[in-house]
Amino acid sequence: MDASPDASSSLIRRLWGWARRHWIITTIGVGAAIGLGIWLIFFFFAVQTLFIDEEVDEALPTFGAPAAPAEAPPAAAPPPSGSETAAPAPAGQADTTATAPAPDGQATPAPPAPAAAEGTEAPPPPAAETTDAAPAAETDHETPVPTPDPPPETAAATEPAPAEAQLVAGPGASGMPGDEITQERADAMNEMMASGEMPAEDPVAPAEQERPMPVAPEIVTLVSGEFMSRSHPTEGRVLVLNDGSEQRFLRFENFRTDNGPDLNVWLSSAPPDAPVRDFLNDWIDLGDLKGNVGAQNYEIPPSVDLDRYSTVLVWCVRFSVVFGSAGLA
């Protein structure tokens, strides 16, 4: 039996009267209902995503860097600038190394007498200096110490070294650390220097100076497929890229689908046209969908067998809905 209109209007009047008497509780309840509705519409169901496209445009994936080529042994390093090697003093020339002054009360050693050159007379040795000053009464004046004249340069010191002395003697001839001159290379360089012609390149091993540049690995497509629409319109192509290593990437090209909440990319062992419940039995999550429009990449773990997980899904995790699917072949 249907309720009469008078009974319905009476119930409404009583509720309205209760709300007016308890207006604080009524205000809190109405505000909570409005807040719950806003959360359901914009956060749980995310209705606004249906009208907003998230576009991406990723380039081809970057694989791991190739192994570095083996390094060749370093070439002989030139002597550092500013470094000088001490040359022996020529014959007939005295050592002019200065000596530090002696403390008070100690004898000061006399400088060594220069060696006499051939055909010249040796100068007299300088008088020895005493440490204790003689009394003024015994000597009228100090005896000056004669300064010897520098000996003339001999012909042996001015003549240039013979050509054989300028040649490279052999391994380690440069005397620098890290010298890599081998005996074979030293012989070839000696021959060139003796003839007066220096080669523009290394005469022994020119091939060692030219190393081939490393070749970048080629990116190939292992398997591919086309998206088909399921619960939402979906289109585009999906590829699996590889560079010869164990690293693989799933790539979407010319891809477009509807936007939605909590969308992920899955690999499933079920066929692309299987019922939704079959996709929940065996699947692998590759991460959040980066955008509902545009090219994008997802790395596939090395342990994933693509012969088994051969279906790509755009999957809504929150509502268990498949937006689109593609089979890899």
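Residues numbered from 1 in each chain as written. Predicted model: local features only at pLDDT ≥ 70, side-chain atom pairs only at ≥ 80, totals over all residues. Heavy atoms only, no water.

Colleague: How should the nonpolar core be read in this particular structure?
Modeller: For soluble globular proteins, the rule of thumb is that nonpolar side chains tend to be buried together. Among the nonpolar cores identified, the biggest contains 23 residues, and Leu 250, Phe 252, Leu 267 and Val 312 are the most heavily contacted of them. Elements that contribute at least two residues to this core include exactly strand 2 (234-242), strand 3 (248-257), strand 4 (263-268), strand 5 (283-288), strand 6 (296-300), strand 7 (311-316) and strand 8 (321-327). What Leu 267 contacts, discounting residues up to four positions off in sequence, is Leu 250, Asp 282, Trp 283, Ile 284, Leu 286, Ile 300, Val 304, Leu 306, Tyr 309, Thr 311 and Val 312. (Core = buried A, V, L, I, M, F, W, Y, C linked by side-chain atoms within 4.5 Å. Buried < 20%, exposed > 50% of the residue type's maximum accessible area, 1.4 Å probe, protein only. Helix = DSSP H or I, 4+ residues; strand = E, 2+ residues; numbered from the N terminus. Contact = heavy atoms within 4.5 Å.)

Colleague: Where do I start with the sheet that holds strand 6 in this structure?
Modeller: Through backbone hydrogen bonds, the strands of a sheet pair up, either in parallel or in antiparallel fashion. The sheet built from eight strands is open, its strands ordered 5-4-7-8-1-2-3-6 with antiparallel pairing. Each end of this open sheet is capped by a strand with a single partner; those strands are strand 5 and strand 6. Mean inter-strand twist for the sheet, computed between neighbouring axes without regard to direction, equals 25 degrees. With three bridges joining them, strand 1 (residues 220-229) and strand 8 adopt antiparallel strand pairing. Across the sheet, the residue bridging to Phe 227 is Ala 326, located in strand 8. (Pairing = 2+ DSSP bridges. Axes fitted to C-alpha atoms, helices over the stretch in contact; angles between N-to-C directions.)

Colleague: Please explain the side chain of Asn 259 as it appears in this structure.
Modeller: Tracing the chain through its elements places Asn 259 in the loop between strand 3 and strand 4. The class for Asn 259 is buried, based on a relative accessible area of 7%. Separated by 2.8 Å, the side chain of Asn 259 and the backbone oxygen of Ile 52 make a polar contact. Ignoring sequence-local partners within four residues, the contact set of Asn 259 consists of Thr 49, Leu 50, Ile 52, Glu 54, Asn 292 and Phe 323. (Polar contact = N/O pair within 3.5 Å; in protein donor to acceptor, adjacent residues only side chain to side chain.)

Colleague: How should I be thinking about helix 4 (residues 183-195) in this particular structure?
Modeller: Think of an α-helix as 3.6 residues a turn; residues three or four steps apart then line up on the same face. Helix length check: helix 4, at 13 residues, gives a terminal C-alpha distance of 19 Å against a target of 18 Å (1.5 Å per residue), a fit within 8%. Those residues of helix 4 not exposed but buried are Arg 185, Ala 186, Ala 188 and Asn 190. (Expected span 1.5 Å × (residues − 1).)

Colleague: I keep staring at unusual backbone geometry and nothing clicks. Help me out?
Modeller: Most peptide bonds are trans, and most residues other than glycine sit at a negative phi. Phi angles above zero are rare outside glycine, and Asn 254 is one such case at about 50 degrees. Along the chain, Asn 254 falls in strand 3. Positioned with a positive phi, Asp 262 is a non-glycine residue whose angle comes to about 55 degrees. With relative accessibility at 33%, the residue Asp 262 sits in the partly exposed group.

In short, geometric facts, not functional conclusions.
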